[in-house]
Amino acid sequence: MKILSCKQQREADAYTISHESILSINLMEKAASLITDAICRRWDKARRMIVFAGAGNNGGDALAVARMLFLKHYPVEVVFFNVTGKISEECLTNIRRLKECGFANFTEVSSQFDPPKLTRNDIVIDGLFGAGLNKPLSGGFAAVVQYINASQSTVVSIDTPSGLMGEDNTYNVRQNIIQADLTLTIQLPKLSFLFAENEEYVGEWEVLDIGTSQEFMKNVTTPYYITEEAKVRSLIRPYKKFAHKGMRGHGLLIAGSYGMGGAAVMAAQACMRSGIGRLTVHTPICNHNLVQTLVPQATVEDDLHERFFAEPTDLDNYQAIAIGPGLGQEEITAKTTIEQLDSCYVPTVLDADALNNLSVYRNFLNRVPKQAILTPHVKELERLVGRCSNSYERLSKAKELSSYLQCYIVLKGAWTTIITPEGNCYFNPTGNPGMATGGSGDVLTGILLALLAQGYPQEAACRLGVYVHGLAGDIARERQGVISMNAADIIEALPEAWKKLTETK
Ligand SMILES: NC(=O)C1=CN([C@@H]2O[C@H](COP(=O)(O)OP(=O)(O)OC[C@H]3O[C@@H](n4cnc5c(N)ncnc54)[C@H](O)[C@@H]3O)[C@@H](O)[C@H]2O)[C@@H](O)CC1
Ligand SMILES: Nc1ncnc2c1ncn2[C@@H]1O[C@H](COP(=O)(O)OP(=O)(O)O)[C@@H](O)[C@H]1O
Ligand SMILES: [K+]
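Each chain has its residues counted from 1, running along the sequence as written. To read the labels, note that chains go from A and ligands from 1, taken in the order they are written. Per-residue local features of the predicted model are confined to residues with pLDDT of at least 70, and side-chain atom pairs are confined, for both listing and counting, to 80 or more; whole-chain, interface and lining totals are unaffected and use all residues.

This part is about the UniProt feature "binding site: K(+)" (unreviewed entry) in the protein. UniProt positions are given in the numbering used here, feature names are shortened, and annotations may be inferred rather than shown by experiment. In this numbering, the UniProt entry assigns the feature "binding site: K(+)" (unreviewed entry) to N58, D126 and S162. Spanning 105 residues, the named residues nonetheless gather at one spot, since no C-alpha pair among them exceeds 9.4 Å. In this text, helices come from DSSP runs of H or I with a minimum length of four residues, and strands from runs of E with a minimum of two, each type numbered from the N-terminal end. Looking at the secondary structure, you find D126 in strand β4 (residues 123–127). Once residues lying within four places of it in the same chain are set aside, the contact partners of D126 are F52, V155, V156, S157, I158, P161, S162, I178 and A180. Mapped onto the secondary structure, S162 falls in the loop between β5 (154–158) and β6 (182–186). Whether two residues are in contact depends on their C-beta atoms, placed from the backbone: they are in contact if these lie within 7 Å. Leave out the neighbours within four places in its chain, and S162 touches D126, L128, F129, L137, V145, S157 and I178.

Shown next as structure tokens:
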């Protein structure tokens, strides 16, 4: 699914209107009817609906929703803000239609505003500004937003919380953005909905399909996508009847140090559950028995050192390499990691301490092999690119790093983002907060190693691996609950996740 900028969303509406022989007012009617349905599904007529409408088309939506709720006998009040006297045509039509229904509970505000008392029982419908917002809210509108936010009412935003920009909110004034409980967004989510710091504005969100021109959607270009299950399924390659383990690749996992053998175990277990032919784990001597016992399917290659990764190993026999889980940050390990990079001629994953070690020796960044996959969480990325003040800036810096190194970056968290060297960003929809616990990332590294060893190209491996990792997390949540689930449960859920993605529906 593509994610468009607000400008593109407005172009999409205009294109749909001119090419699909639908009038603008009827497209708005469609949006309003879907919004009304979504509201009626959630709240009954005991709740008073207070509609705040602006003078643009977002206000037009809100006024049409007010009419539909009124005709369904909901108690409705409308506050319409006409500050400049400039009202969109569709908004005007909807004022007229509302009044023609006999609706009288209508307050028009042009300057002084005596706000209605908002109670816990009220539903505020926010139709002040949508995709047309062009600067942070200030003055009277800021006061209205702050008034709504200070109330106990439930807030439903139409298309977007008023005041929130669709992409970059670096220079926004945060207290002047509506804090919605629910956002009913038209056609597609906005990029800013996928950023952690905007959760308090967007609340829960639902996408309403108003039938935007398919042709426009097909041709419009954007670097931002949400990965869909159908896409992921199409990436999976079936095994041939005469498959043998040599065809499914031999991977090398360089992981573990004294006290962190578990990371090597979890990555290896996940790898062995993701279709790899053969796996070798290179780990310090102290972890030998642990890995042999807990992952008997894998071969163990001992490092020369008792406790740390201290000696680069021969990579000639492998189709893919993963370095990092639980490696530690001893100086000798950092130097060895960098030295090892020089012989990584096959697809490579760099995770956790491999990245932390690189961030200590940033002048060696250019030794990262081209096309490598880097899997940082937010902190690990910032150690590489510097502190970021928000998610948009972090994404921009990750894109710069990916382009500079010509590598793939998997920026982990909710909506894990896969950034390609060409600058495309794929947001992953699976996964849940139960995965925010030690070891979950090691599991992902194991999955990615398995996919690369089997010959999946980097981009496919990232999109497929991250999706299945999150899906296994979702299955683990079903089984164990969000509090108790841990990385071991994600590994245990991998067979079912893979089955789900390969079974015909
Ligand atoms: N037929 C259509 O065009 C459809 C439009 N739709 C709705 O239309 C919305 C977009 O409508 P518009 O393009 O009219 O934009 P908005 O309704 O978001 O805002 C438009 C007006 O706000 C002013 N404005 C922007 N930022 C401001 C600020 N900080 N302070 C004060 N005024 C400010 C602009 O100058 C403009 O006049 C979407 O978000 C969606 O809700 C949907 O109903 C789908 C159909
Ligand atoms: N709130 C969340 N929603 C979805 N996925 C999450 C969430 N929190 C964490 N995850 C996933 O869990 C994994 C955690 O990895 P990481 O931070 O490297 O943990 P560790 O280093 O402990 O293994 C990542 O793949 C991340 O995307
Ligand atoms: K809005």
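Turning next to the domain arrangement of the protein. Domain limits in this description derive from either an automatic procedure or a database domain assignment. Domain annotation of the protein identifies domain 1 (6–222) and domain 2 (229–239 + 252–502). Taking the mean C-alpha position of each, domain 1 and domain 2 sit 42 Å from one another. Contacts between the two partners involve 8 residues from domain 1, matched on the other side by 9 residues from domain 2. Only Asp, Glu, Lys and Arg are considered charged, only Ala, Val, Leu, Ile, Met, Phe, Trp, Tyr, Cys and Pro nonpolar, and every remaining residue, Gly among them, polar. Considered class by class, the residues forming the side of domain 1 that touches domain 2 number 3 nonpolar, 2 polar and 3 charged.

Okay, the packing of helix α12 (residues 352–360) against helix α13 (residues 378–385) next. Between the N-to-C directions of two axes lies an angle of 0 to 180 degrees, each axis being a line fitted to C-alpha atoms and, for a helix, fitted only over the stretch in contact. Where α12 meets α13, the closest approach of the two axes is 8 Å, and the angle between their N-to-C directions is 25°. Taken together, the axes of α12 and α13 are roughly parallel relative to one another. Between α12 and α13 lies a crossing whose hand is left-handed. Between α12 and α13, the residues in contact are L355, N356, L358 and S359 and E380, R383 and L384, respectively. Class assignment of the residues belonging to the contact of α12 with α13 gives a composition of 3 nonpolar, 2 polar and 2 charged. Relative orientations are named as follows: roughly parallel for angles under 35 degrees, roughly antiparallel for angles over 145 degrees, roughly perpendicular for angles from 65 to 115 degrees, and oblique for any other angle. Whether a crossing is left-handed or right-handed is set by the direction in which the near helix is turned from the far one by less than a right angle, anticlockwise for left-handed and clockwise for right-handed.

To continue, consider the sheet that holds β4. Working definition: the strands of a sheet are paired by backbone hydrogen bonds and lie parallel or antiparallel to each other. As summarised here, the arrangement of the 7 strands in space is β3-β2-β1-β4-β5-β6-β7, forming an open sheet in which the pairing is parallel. One side of each edge strand has no neighbouring strand; the edge strands of this open sheet are β3 (106–109) and β7 (204–208). Looking at each pair of strands side by side, their axes are set apart by 15° on average, direction ignored. A pair of strands is labelled paired if DSSP reports no fewer than 2 bridges between them. As paired elements, β6 and β7 share 5 bridges and run parallel to each other.

Around ligand 2, a shell composed of 19 residues is seen, among which A414, G431, A436, S440 and G441 lie nearest. Counting residues per element, the ones that place at least two in the shell around ligand 2 are α15 (440–453) and α16 (458–484). Top element by residues in the shell around ligand 2 is α15. It accounts for 4 residues. Of the residues contributing to the shell around ligand 2, the split by class is 6 nonpolar, 11 polar and 2 charged. What makes a residue near a molecule or strand is its C-beta atom, placed from the backbone, lying within 6 Å of it.

Further remarks concern the pairing of β4. Counting buried residues in β4 gives 5 out of 5 residues, a clear majority hidden from the surface. A residue is called partly exposed when the number of other C-beta atoms within 10 Å of its own lies between 12 and 20, exposed at 12 or fewer, and buried at 20 or more, with C-beta atoms placed from the backbone. Every second residue of β4 is oriented toward a common face, with I123, I125 and G127 on one face and V124 and D126 on the other, all of them buried. Here 5 bridges tie strand β1 (residues 49–53) to β4, and the two strands are oriented parallel to one another. Note that in β4 the partner of M49 across the bridge is I123. Judged from the 4 bridges that link them, β4 and β5 form a sheet pairing that is parallel. Each residue of the ladder has a partner; that of V124, found in β5, is V155. Taking the sense of rotation as the criterion, the β-α-β connection linking β4, helix α5 (residues 139–150) and β5 turns out right-handed. Orienting the strands away from the viewer, one traces the path from the first strand over the helix to the second; a clockwise path indicates a right-handed crossover.

With that out of the way, let us pick up the sheet that holds strand β8 (residues 224–226). Taken in spatial order, the 10 strands make up an open sheet running β8-β17-β16-β15-β14-β13-β12-β9-β10-β11, and their pairing is mixed. With one partner strand each, in any of the chains shown, β8 and β11 (299–302) form the two edges of the open sheet. For this sheet the average axis-to-axis angle between neighbouring strands, irrespective of direction, equals 20°. With 3 bridges joining them, strand β16 (residues 417–419) and strand β17 (residues 425–427) adopt antiparallel strand pairing. Within β17, the position partnered with I419 by the bridge is C425. Taken strand by strand, helix α9 (residues 261–272) contacts β9 (250–254), β10 (278–283) and β12 (320–323), and its axis lies near 170° from that of β10. This element, helix α14 (residues 391–405), spans β15 (408–411), β16 and β17 of the sheet and lies at about 155° to β15.

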